[in-house]
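# A closer look at the structure
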Amino acid sequence: MSESVARELGRKTAGLSTRASVVLFALLAVGAAVALGVVEFDPLLVAGVALLLVAVAAVSSAVEIVEAYEKEALTVFGEFRTLLEPGIHFVPPFVSRTYPFDMRTQMLDVPRQEAITEDNSPVTADAVVYIKVMDAKRAFLQVDDYKRATLYLAQTTLRAVLGDMELDETLSKREKINRRIQQELEGPTDEWGVRVEAVEVREVNPSPDVQRAMEQQTSAERRRRAMILEAQGERRSVVERAEGDKQANILEAQGEKQSQILEAQGEAISTVLRAKSAESMGERAIIERGMETLETIGQGESTTFVLPQELTSLVGRYGKHLTGSEVDDEGGPELESRAFDEETRELLGIDSIEALAAGDGDVDIEVESADIELEDDIA
């Protein structure tokens, strides 16, 4: 018998005992008064008092008060008559009995149960089951004590569900355990007029040996993760250092390349100036060189000189140009600077050098191959 039913029956029994005690006390009081001579013995008086007391007891037994959260099953001579709703009711006195049912959601504490999982690991678990009476008549007629029946059914179902699962599932899949227990309880309890509203497994604990093994496994896993993180950190540090060294080498190489470009540009400008000077001289440079040679020859002891015809022609034209003489210019045209031919200009790069010297634009120096080789050396 459940605690609530026992309390209610105790309350009813206490009420009946109180009424019986009042009647007995009244009878004893009347008998004592008669015995002491305070009141003369009168059968009619005794009978009247007795009838009054019986009437009070009958009225008290006929009135039944049902609480707002309850329903009561009424039986008369052991036969079920009806369900009493909350409020005041009048029932047949002395031959009727009432059985209360709490219509609120009630909690059943499932004691700790031991079970063996599918992978032969012992575990212990306890749970809480929330139920509610939906049909008080069926709960009264279909089952002896619906609370105790639901509690025992929950215990056996909890052990069965744990036995069908592996240890890891019992520790990690609480929702699955709750759902399976509730599904198993719904079938029988529906026939009793009771609805299982929720099942909550509070604890699932493996055996001490299994717990120690799990702690060792967890510790080993944490050490493994720490080693992995440490190795990843070291690798990242090496990568960062290598990346820094690479960037430094690239910047250094770019600086050296820029220095080489500037040096090459300086040399190119110098070459331009020398080439421009050589081109402007033309035949004049050759004649001046020849005159210097003649002067050197003239300082010698020999009085006979052999001069090439080309040199004499150049000297004549040069002298006419310098003195402005009216000499017949049949000997040749006026001396002028002579430009380099196309092949020579292409060989010396005169066009690019002139553009650089004139400042018309920047001269792009092809350094792609050098850049590629430099990057390969750095990598």
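Conventions we followed
Residues numbered from 1 in each chain as written. Predicted model: local features only at pLDDT ≥ 70, side-chain atom pairs only at ≥ 80, totals over all residues. Heavy atoms only, no water. Axes fitted to C-alpha atoms, helices over the stretch in contact; angles between N-to-C directions. Helix = DSSP H or I, 4+ residues; strand = E, 2+ residues; numbered from the N terminus. Parallel < 35°, antiparallel > 145°, perpendicular 65-115°, else oblique. Left-handed = near helix turned anticlockwise from the far one by under 90°. Contact = heavy atoms within 4.5 Å. Nonpolar A, V, L, I, M, F, W, Y, C, P; charged D, E, K, R; others polar. Pairing = 2+ DSSP bridges. Core = buried A, V, L, I, M, F, W, Y, C linked by side-chain atoms within 4.5 Å. Buried < 20%, exposed > 50% of the residue type's maximum accessible area, 1.4 Å probe, protein only. Expected span 1.5 Å × (residues − 1). Bend = angle between axes of the 7 residues up to and from the residue. Salt bridge = Lys/Arg side-chain N within 4 Å of Asp/Glu carboxyl O.

## Side note on the packing of helix α4 (residues 146-163) against helix α6 (residues 174-191)
- The geometry of α4 relative to α6 is characterised by a closest axis approach of 9 Å and an angle of 140° between their N-to-C directions. Accordingly, the angle class assigned to the pair α4 and α6 is oblique. Where α4 crosses over α6, the two elements pack in a sense that is right-handed. In this structure, α4 uses T150, L153, A154, T157, L158, V161 and L162 to contact α6, whose residues at the interface are I177, R180, I181, E184, L185, P188 and T189.
- A per-class count over the contact of α4 with α6 returns 9 nonpolar, 3 polar and 2 charged.

## A few points about the sheet that holds strand β3 (residues 79-84)
- Pairing within the open sheet is antiparallel, and its 3 strands lie in the order β3-β2-β5. Across the chains shown, the open sheet's two edge strands, defined by having one partner strand only, are β3 and β5 (96-102). Direction aside, the axes of adjacent strands within the sheet are offset by 25° on average.
- With 5 bridges connecting them, strand β2 (residues 70-76) and β3 associate as antiparallel partners. By the bridge assignment, T75 is partnered in β3 with F80.

## Some thoughts on the nonpolar core
- Judged by nonpolar contacts, the single largest core of 33 residues is most densely connected at V129, Y146, L158 and I181.
- Secondary structure elements with two or more residues in this core: β6 (106-116), β7 (122-133), α3 (136-141), α4, α6 and β8 (194-206).
- In this structure, I181 is in contact with T157, L158, V161, V199 and V201, ignoring residues within four places of it in sequence.
- By size, the runner-up hydrophobic cluster in this structure holds 5 residues, among which are V66, L74, L84 and V91.

## Some details on α4
- Spanning 18 residues, α4 covers 26 Å between terminal C-alpha atoms, matching the ideal 26 Å at 1.5 Å per step.
- Every buried residue of α4 is listed here: Y146, K147, T150, L151, A154, Q155, T157, L158, V161 and L162.

## Things to note about α6
- Taking 1.5 Å of rise per residue, the 18 residues of α6 would be expected to cover 26 Å, and the 27 Å separating its terminal C-alpha atoms lies within 8% of that figure.
- Maximum bend of α6: about 30°, positioned at L185, with proline P188 one to four residues after it.
- Along α6, the residues classified as buried are I177, N178, I181, Q182, L185 and T189.

## Notes on the environment of K132
- With respect to the secondary-structure elements, K132 resides in strand β7.
- A relative accessible area of 27% places K132 in the partly exposed class.
- Note: C-alpha distance between K132 and M107 (25 residues apart in sequence) is 8.9 Å.

## Here's the deal with the pattern of salt bridges
- Taken as a whole and judged by the stated rule, the model has 12 salt bridges.
- Of the charged contacts in the structure, one is a salt bridge between D109 and R202, with a shortest N-O distance of 2.7 Å. With D109 in strand β6 and R202 in strand β8, the pair connects residues that are 93 residues apart, well separated along the chain.
- In this structure, K173 and E169 form a salt bridge, with 3.8 Å as the shortest nitrogen-oxygen distance.

## Describing the environment of E169
- Structurally, the position occupied by E169 is in helix α5 (residues 167-172).
- C-alpha separation for the pair E169 and T117, spaced 52 residues apart in sequence, amounts to 9.5 Å.

## Describing the pairing of β7
- The buried count for β7 comes to 9 of 12 residues, which makes it a mostly enclosed element.
- The pairing of β6 with β7 spans 9 bridges and is classified as antiparallel. Note on β7: the bridge partner recorded for D109 is V128.
- Count of turn residues in the β6/β7 antiparallel hairpin: 5 residues, of which N120 carries a positive phi of about 60°.
- As paired elements, β7 and β8 share 11 bridges and run antiparallel to each other. Residue I131 lies in a different strand from β8, and its bridge partner there is V196.

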